Amino acid sequence: MDATIGIYLLITFGILIACGFPIAIAIACSSICIMLSVMPMKVVAITAGQKLATGMDSFSLLAVPFFVLAGNIMNQGGIAKRLVNFAFLFVGKIPGSLSHVNVLSNMMFGSVSGSAVAAAAAVGKTLLPQIKSTGLNLPVASAINIASCPTGMLIPPSNGLIVYSVVSGGTSIGALFLAGYVPGILMGLGCMIVGFIYFKLKPELAGNQTRVSYTLSEKLKITWQALPSLGLIIVVIGSIIGGVCTATEAACMAVLYSLLLSWIYKAINLETLKSISKDTIHISAMVLFLIGASTVMSYIMAYAHLPQMISEALLSISDNKIVILLIINLTLLIVGMFMDMTPAILIFTPIFLPVTTALGIDPVHFGIIITFNLCIGIVTPPVGTALFVGCSVSNLKIEQVIKPLLPLIFAEIAILMVVTYVPELSLYLPRLTGLLQ
């Protein structure tokens, strides 16, 4: 009976998604439909309502709307231009420098804004005039912009890691944030290496870019302009690691910091602040309702013993950690092609976490594995949000970008495998700072 409930739940959810229902509605409706088949209506109404409310009743989740608000404020503040100029100091002399600047800027801007889509749009728009004027191959440049924008989902602060922390039962957010640094940087370096190979093998793709050089005074000026923006990372991560405040309190500090910075830059007014607030409310409401609905689904999955059954099924295939992790990675890569990060984390963490825990895999390490997989997912068709945004910024069709994008995706998958099977890449920094034993 339990197996039948679990199968019907997944089938109902799949049918609703195929019919075009929003994911949050599909999660809630499929869960309630299955509950009605095994429980009285009154019990379902009370239980579903309680689970929906308690799923959103978490102090840690308050960090999500505050980080969204801070990111939206930073997006309006001309931050991208300052970070792009700063990136030129490091990679301005490398062949195909604009694309390398793009990657480095995405890493910095994504970590400040916490959004891959925002990074793809802001950095892509900032660099587009220079890309066109220098003759840099636009499909290649667009592919590199798309592939590198999710680095900010690993380099903290990351809303995806906060959601994982809540769903996984309270995994340390500070440890997750620190664990994301090395994998996020490796993802960015992978994109830069593929770009370097592109332009080395086919120099004509790089156009007529001139290598940028700066005087000492120019370097100091550019650095001075970028430091306040990068200071947000120090404010957030430093305060969490130092034990000064929780992730939620750090998110509030991020809002105050970004407001102060935007006021200094004279980048926002009351009208833009109103628009920013509305956008933040819209995004936060969607995320929180999604979390609440997923709590209802988690309840019915637990009722049907679905996680345990999947765990037993996987472990019956093999008790080899390498094989099980490979199966999980392949599953998540496929899921990421059809589902955004937040719902995928909410649905698949309760399913796969018991399996990885049984194999002795640290929950922090698994958090990075699932997030890295879904970062790749947002740049792949058919539902890759970053792919669509990146193409719209450069005004290209998806089929024009796919060919140069594929080597970048393969490189990121290779880095994912390294991160998966070398846990110290994720766990070294949290252990070094005492956040993990």
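Above this text sits the structure in question.
Just so it is clear, the structure is predicted and the values come from calculations on it, not from any experiment.

Draft legend 1. How the structure looks around the pattern of salt bridges. One pass over the full model with this rule turns up one salt bridge. One salt bridge in this structure joins Arg431 and Glu424, with 2.2 Å as the shortest N-O distance. Look at Glu424 and you get partly exposed, because its relative accessible area is 37%.

Draft legend 2. Up close: the nonpolar core. One finds Phe366 and Leu405 to be the most contacted residues of the largest nonpolar core, which totals 147 residues. It is helix α18 (residues 341-358) that contributes the most residues to this core, 10 residues altogether. Every residue in contact with Leu405, bar those within four places of it in the chain, is listed here: Ala143, Ile146, Ala147, Val379 and Leu387.

Draft legend 3. Structural context of helix α22 (residues 424-432). Here α22 has its buried residues at Ser426, Leu427 and Pro430. Down the axis of α22, the smallest arc covering the buried residues is 75°, so these residues share one side. Its buried side turned inward, α22 meets α11 (173-179), α12 (181-201), α19 (363-377) and α21 (398-421). With its phi angle positive at about 80°, Gly434 sits one or two positions after the end of α22.

Draft legend 4. Summary view of the packing of helix α20 (residues 385-394) against α21. The geometry of α20 relative to α21 is characterised by a closest axis approach of 10 Å and an angle of 115° between their N-to-C directions. Between α20 and α21, the interaxial angle falls into the category roughly perpendicular. In the packing of α20 onto α21, the handedness of the crossing is right-handed. Between α20 and α21, the residues in contact are Leu387, Phe388 and Cys391 and Ile398, Val401, Ile402 and Leu405, respectively. Of the residues in the contact of α20 with α21, the class split is seven nonpolar, no polar and no charged.

Draft legend 5. Examining unusual backbone geometry more closely. With a phi close to 60°, Asn395 is a non-glycine residue in the positive phi region. Mapped onto the fold, Asn395 is located in the loop between α20 and α21.

Rules behind the numbers
- Along each chain, the written sequence defines residue order, and numbers are assigned to residues from 1.
- pLDDT decides what is reported in this predicted model: residues at 70 or higher carry local features, side-chain atom pairs at 80 or more are listed and counted, and totals for whole chains, interfaces and linings draw on all residues regardless.
- To obtain the side-chain values, all non-hydrogen atoms of the structure were included, while hydrogens and water were left out.
- Here a salt bridge means any side-chain nitrogen of Lys or Arg lying within 4 Å of a carboxyl oxygen belonging to Asp or Glu.
- Burial status follows relative accessibility: with a 1.4 Å probe on protein chains alone, a residue under 20% of its type maximum counts as buried, one over 50% as exposed, and anything between as partly exposed.
- Remark: nonpolar core denotes a set of buried residues (Ala, Val, Leu, Ile, Met, Phe, Trp, Tyr, Cys) joined through side-chain atoms within 4.5 Å.
- Each helix is a run of H or I in the DSSP string that is no shorter than four residues. Each strand is a run of E no shorter than two, and both are numbered from the N terminus.
- In this description, contact between two residues means that some pair of their heavy atoms is separated by no more than 4.5 Å.
- The arc refers to the directions leading from the helix axis to the C-beta atoms.
- Only C-alpha atoms enter the line fits that serve as axes; for helices the fit covers just the stretch in contact. Angles between N-to-C directions range over 0 to 180 degrees.
- Each angle is binned into one of four classes, with values under 35 degrees roughly parallel, values over 145 roughly antiparallel, values of 65 to 115 roughly perpendicular, and all other values oblique.
- By convention, the crossing between two helices is left-handed when the near helix turns anticlockwise from the far helix through less than a right angle, and right-handed when the turn is clockwise.
- Each residue receives one of three labels: charged for Asp, Glu, Lys and Arg, nonpolar for Ala, Val, Leu, Ile, Met, Phe, Trp, Tyr, Cys and Pro, and polar for the others, Gly being one of them.

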